[in-house]
Amino acid sequence: MLVTEPACHPTPGLDMVTGMEAKPWRDRVHEEDELVEQLKLQISEAAKRRALALLDGVTELGSIAEVARDLGKSWTAIDKAIKKNGPGRTGPTTTE
């Protein structure tokens, strides 16, 4: 997992010390863009791990339908998550 800064978000108006000037908006936009990219990477990695866990469930329970029933999800949601993010996939991934 690649996180270089703590996952905290400033409260508008409270992100500066009294007497100091606020960060320029361009700097704030740049920082938020970096955070968005980090979060996208974390979502992609989590989706891959989730697909692997779903496949483990299929191995244990015997079918996608059984995994879906066990998790209270639709068969198509589980199938789509495995196909989209499972082994052998390259490129961007997302969750259901």
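Scroll up to find the structure.
Thresholds applied
- Residues numbered from 1 in each chain as written.
- Predicted model: local features only at pLDDT ≥ 70, side-chain atom pairs only at ≥ 80, totals over all residues.
- Heavy atoms only, no water.
- Axes fitted to C-alpha atoms, helices over the stretch in contact; angles between N-to-C directions.
- Helix = DSSP H or I, 4+ residues; strand = E, 2+ residues; numbered from the N terminus.
- Parallel < 35°, antiparallel > 145°, perpendicular 65-115°, else oblique.
- Contact = heavy atoms within 4.5 Å.
- Nonpolar A, V, L, I, M, F, W, Y, C, P; charged D, E, K, R; others polar.
- Core = buried A, V, L, I, M, F, W, Y, C linked by side-chain atoms within 4.5 Å.
- Buried < 20%, exposed > 50% of the residue type's maximum accessible area, 1.4 Å probe, protein only.
- Salt bridge = Lys/Arg side-chain N within 4 Å of Asp/Glu carboxyl O.
- Left-handed = near helix turned anticlockwise from the far one by under 90°.
- Arc of directions from axis to C-beta.

**Brief notes about the packing of helix α1 (residues 25–61) against helix α2 (residues 64–71)**
Axis separation between α1 and α2 bottoms out at 8 Å; the angle between their running directions is 110 degrees. One finds that α1 runs roughly perpendicular with respect to α2. From α1, Leu-54, Gly-57, Val-58 and Leu-61 reach across to α2, where they touch Ile-64, Glu-66, Val-67, Asp-70 and Leu-71. Grouping the amino acids of the contact of α1 with α2 by side-chain chemistry returns six nonpolar, one polar and two charged.

**Points about the nonpolar core**
Note that soluble globular proteins tend to have their nonpolar side chains buried in a common cluster. If you look at the biggest cluster of nonpolar residues, it comprises eight residues: Leu-54, Val-58, Ile-64, Val-67, Ala-68, Ile-78, Ala-81 and Ile-82. For this core, the elements supplying multiple residues, two or more each, are α1, α2 and α3 (75–85). Contact partners of Ala-68, with chain neighbours within four places excluded, come to Lys-73, Ser-74, Trp-75 and Ile-78.

**Description of the pattern of salt bridges**
Summed over the entire model, instances satisfying the criterion amount to four salt bridges. For Lys-23, the salt bridge goes to Glu-31, with nearest N and O atoms at 2.8 Å. Residue classification places Glu-31 among the partly exposed positions, given a relative accessible area of 33%. Where Arg-69 meets Glu-66, a salt bridge forms, and the shortest distance between an N and an O atom there is 2.8 Å. With Arg-69 and Glu-66 both in helix α2, this residue pair falls three residues apart, about one helical turn. Arg-69 gets classed as exposed once you look at its relative accessible area, which sits at 57%.

**Remarks on the packing of α2 against α3**
At a minimum axis distance of 8 Å, the contact between α2 and α3 shows a crossing angle of 115 degrees. Relative to α3, the crossing made by α2 is right-handed. Across from Ile-64, Ala-65, Val-67, Ala-68 and Leu-71 in α2, the residues of α3 making contact are Trp-75, Ile-78, Asp-79 and Ile-82. Here the residues of the contact of α2 with α3 are counted per class, giving eight nonpolar, no polar and one charged.

**Topic: α2**
Within the span of α2, buried status applies to Ile-64, Val-67 and Ala-68. Seen from one end, α2 has its buried residues packed into an arc of 100 degrees, which puts them on one side. In α2, the exposed residues that point more than 90 degrees away from the buried face are Arg-69 and Asp-70. If you follow the buried residues of α2, they end up packed against α1 and α3. Backbone geometry just downstream of α2 places Gly-72 in the positive-phi region, at approximately 70 degrees.

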